[in-house]
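Structural overview
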Amino acid sequence: MEMGGGWLIEVDIRDYFGSIDHQHLREALGQRIGDGVVLRLIGKWLNAGVMEDGQLSYPESGTPQGGVISPILANVYLHVVLDTSKDDDGTSDGMEQAVFELLGFKLFWARSQRGYWAIKLETSASRFTRTLHRLSEWCRKNRHRPVAEQWERLGQKLVGHFNYFGVVGNRGRLMAVRHELYGIWRNWLNRRSQRARMTWKKMRLLHQRYKLPLPPPLSELRSLRS
């Protein structure tokens, strides 16, 4: 955000330590280390065999699994591959389509109210759906508990959701969870008894007495930098 734009890159690093290219790593190290003894020592580490299930092999890529130097080598390589391999002015036409999900958030480029590009976050569609499903399951299992007790527990769950997803630009999604929860709650209260139906009129009266928490105001939401 400080550079006024850039790239969003989604990378699968599931087997990162085991897939580092030795030749590229040596070239990167050679640009930073002038001591030949150190470079040869690192080379021996990379060429050391790996024992798995009693079988010794000599992989042509990757860093030693569990080796104390592996995290350092991996970070040097990652710096070269990602941090210094892109040189762009941040005005790519594909910026608007650059979207990926991380830890329940959708991250994407969007124009701010002042007109400049910024990274924005909102609850991802998959996490939003999963949250509603879990709330529905809780209401189903606890629909015969006293209404006051249900209200207290649902309020706690909402506050927990707000605390995690309460970032600038995401308040609309927080309000949507609250709105959907009222419908879910009414649906399961409606199934408590065939004679005492929970109509929307009754639900509005219940709402006046048992109001679910609102998301924090905009001034209290976390920014991306925080």
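This text goes with the structure placed above it.
Residues numbered from 1 in each chain as written. Predicted model: local features only at pLDDT ≥ 70, side-chain atom pairs only at ≥ 80, totals over all residues. Heavy atoms only, no water.

A few points about the side chain of Arg-178
- Looking at where Arg-178 falls in the secondary structure, it is placed in helix H7 (residues 171–189).
- Glu-180 provides the closest opposite charge to the buried, unpaired Arg-178, separated from it by 12 Å.
- Setting aside its immediate chain neighbours within four residues, Arg-178 contacts Leu-158, His-207, Leu-212, Pro-213, Leu-214 and Pro-215. (Helix = DSSP H or I, 4+ residues; strand = E, 2+ residues; numbered from the N terminus. Buried < 20%, exposed > 50% of the residue type's maximum accessible area, 1.4 Å probe, protein only. Lys, Arg positive; Asp, Glu negative; His and termini not counted. Salt bridge = Lys/Arg side-chain N within 4 Å of Asp/Glu carboxyl O. Contact = heavy atoms within 4.5 Å.)

A closer look at the nonpolar core
- Grouped together as the largest cluster of nonpolar side chains are 32 residues, with contacts concentrated most on Cys-139, Leu-154, Trp-185, Leu-206 and Leu-212.
- At the level of elements, strand S4 (105–111), strand S5 (117–123), helix H5 (125–141), helix H6 (147–165), H7 and helix H8 (200–209) are the ones that each hand at least two residues to this core.
- Looking at this core element by element, the count peaks at eight residues for H7.
- Beyond its immediate stretch of four places on either side in the chain, Leu-206 contacts Val-147, Trp-185, Leu-189 and Met-198. (Core = buried A, V, L, I, M, F, W, Y, C linked by side-chain atoms within 4.5 Å.)

A word on helix H2 (residues 22–30)
- Listing the buried residues of H2 in full gives His-22, Leu-25, Ala-28 and Leu-29. The buried residues of H2 all sit within an arc of 125° when viewed along its axis, so they share a single face. (Arc of directions from axis to C-beta.)

A few points about the pattern of salt bridges
- Inspection of every chain in the model, using the stated rule, returns three salt bridges.
- Across the salt bridge formed by Glu-137 and Arg-140, the nearest N and O atoms sit 3.1 Å from each other. Pair noted here: Glu-137 and Arg-140 are both in helix H5, with a separation of three residues, about one helical turn.
- In this structure, Glu-149 engages Arg-145 in a salt bridge whose closest nitrogen and oxygen atoms are separated by 2.7 Å.

So, the packing of aromatic side chains
- For the coordinates displayed, the defined rule picks out four aromatic pairs.
- Considering the side-chain rings of Trp-151 and Tyr-210, the 5.4 Å spacing of their centres and the 55° angle between planes classify their relative orientation as tilted. Remark: Tyr-210 occurs in the segment after H8 and Trp-151 occurs in helix H6; sequence separation between them is 59 residues.
- When its relative accessible area of 31% is taken as the criterion, Trp-151 is described as partly exposed. (Phe/Tyr/Trp six-rings, centres within 6.5 Å; stacked < 30°, edge-to-face > 60°.)

Quick look at the pairing of strand S3 (residues 99–102)
- Bridge analysis of S3 against S4 gives four bridges, and the strand direction is antiparallel. In the sheet register, Leu-102 faces S4, and the bridge partner there is Phe-105.
- Joining the antiparallel neighbours S3 and S4 is a turn of two residues, in which Leu-103 adopts a positive phi near 55°. (Pairing = 2+ DSSP bridges.)

Side note on the packing of H5 against H6
- Interhelical geometry of H5 versus H6 gives an angle of 165° and a closest axis separation of 11 Å. Classified by the angle their axes make, H5 and H6 are roughly antiparallel. Between H5 and H6 lies a crossing whose hand is right-handed. Facing Arg-127, Thr-131, Leu-135, Trp-138 and Cys-139 of H5, the residues of H6 in contact are Gln-150, Arg-153, Leu-154, Lys-157, His-161, Tyr-164 and Phe-165.
- Grouping the constituent residues of the contact of H5 with H6 by class yields six nonpolar, three polar and three charged. (Axes fitted to C-alpha atoms, helices over the stretch in contact; angles between N-to-C directions. Parallel < 35°, antiparallel > 145°, perpendicular 65-115°, else oblique. Left-handed = near helix turned anticlockwise from the far one by under 90°. Nonpolar A, V, L, I, M, F, W, Y, C, P; charged D, E, K, R; others polar.)

Comments concerning the side chain of Arg-186
- One can find Arg-186 in helix H7.
- Within the buried core, Arg-186 has no salt-bridge partner, and the shortest N-O distance to an opposite charge, that of Glu-180, equals 11 Å.
- With residues up to four places along the chain from it excluded, the contact list for Arg-186 reads Met-198, Thr-199, Trp-200 and Met-203.

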